[in-house]
Amino acid sequence: MNIKLIISFISFALIFLLETISPHYKDRRKRFTHAANNLSITAINNLLYYISFSSITLMVMNWAQTYHIGLNHLFTFPSYDVYLKGILIFLLFDLWMYFWHRINHRIRFFWKLHRTHHSDIQMDITTALRFHPFEILLSSLFRLIIFLLLGMNMIFLLVYEIALQVIIQFHHSNISLPEKYDRLLRYLIVTPNMHRVHHSDEWSETNSNYSSIFSFWDRLWSSFRKREDTRTINLGLKLLREDKWQRITGILLTPFR
């Protein structure tokens, strides 16, 4: 997994620099304090995942490969088998991510965890990493079932997670990207202006634009929304706006508010 960490770090550093040079929202305060709080939560999440799920994930995938369980083992293409399967698994896993995200908004129990991510009132690249530890553990548990259904292997997962990390860092970022380029990119992938609508404190906008990598899932499932001027969006939630909810302890206590 070193390649994933290296690419994620390079992507993070580059986007963080671009946010500094050309920010979309220019009124940000205590940027490094904000980043430190979000990244501290990320460190906790990574530690919990490593302890709880890294070995289990590997065992589940090895078991699926050994006993030929899952969609990956149900068919064979005449040529370029691994590439065509890889594309199919990639698309289906991204579709799962779309529906998982939607579930997190529609079911109250899941939303109480997921709103930790939405309570950030200064959305930037570090927001992409701000999730409650309980949500990470719950998501990881459900993913084991999806891995079995798809017959996911570690190579397929590595490719998907590298792409996911880069794309979510990009679309959570505070980069000022001209609308004409944003509009062109969002025919395929989720872009900053598209995802800023999702982080609006207006409920109808919060419950839209659920896609993680490919933006077309929202169009296919009628959940796509746009705002002509995203600088008019109030980011975050109408509740949980005080400074205490932006600190490490507040982030961890958010589900219990």
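Residues numbered from 1 in each chain as written. Predicted model: local features only at pLDDT ≥ 70, side-chain atom pairs only at ≥ 80, totals over all residues. Heavy atoms only, no water.

### Some points on the nonpolar core
- Judged by nonpolar contacts, the single largest core of 37 residues is most densely connected at Phe93, Phe147, Met152, Tyr160 and Ile213.
- Those elements that place two or more of their residues in this core are α1 (2-21), α3 (54-66), α4 (81-106), α6 (133-150) and α7 (154-172).
- For this core, the element with the most residues is α4, which contributes 8 residues. (Core = buried A, V, L, I, M, F, W, Y, C linked by side-chain atoms within 4.5 Å. Buried < 20%, exposed > 50% of the residue type's maximum accessible area, 1.4 Å probe, protein only. Helix = DSSP H or I, 4+ residues; strand = E, 2+ residues; numbered from the N terminus.)

### Looking at the environment of Phe131
- Looking at the secondary structure, you find Phe131 in the loop between α5 (108-118) and α6.
- Note on Phe131: relative accessible area 18%, which makes it buried.
- Counting along the chain gives 13 residues from Phe131 to His118, while the straight-line C-alpha distance between them is 8.9 Å.
- Residue contacts for Phe131: discarding those within four places in its chain leaves Ile41, Asn45, His114, Thr116, His117 and Ile136. (Contact = heavy atoms within 4.5 Å.)

### Comments concerning a nonpolar patch on the surface
- A cluster of nonpolar residues, Leu14, Leu17, Leu18 and Ile21, forms a patch on the protein surface that exposes about 380 Å² of accessible area.
- On the basis of relative accessibility, which here comes to 36%, the residue Leu18 falls in the partly exposed class. (Patch = residues over 30% accessible without salt bridge, like charges linked within 9 Å, V, L, I, M, F, W, Y side chains within 5 Å. Areas by Shrake-Rupley, 256 points an atom, 1.4 Å probe, with all protein chains shown as cover. Salt bridge = Lys/Arg side-chain N within 4 Å of Asp/Glu carboxyl O.)

### Quick look at unusual backbone geometry
- With a phi close to 55°, His68 is a non-glycine residue in the positive phi region.
- By the element assignment, His68 lies in the loop between α3 and α4.
- Under the relative-accessibility criterion, His68 is labelled exposed at 55%.
- Backbone geometry at Leu240 places phi at a positive 60°, although glycine is not the residue there.
- Among the structural elements, Leu240 can be located in the loop between α11 (216-220) and α12 (248-253).
- For Leu240, a relative accessible area of 2% corresponds to the buried category.

### A closer look at the side chain of His171
- Secondary-structure assignment places His171 in helix α7.
- For His171, the residues in contact, after removing those within four places along its chain, are Met123, Val190, Thr191, Pro192, His195 and Ser212.

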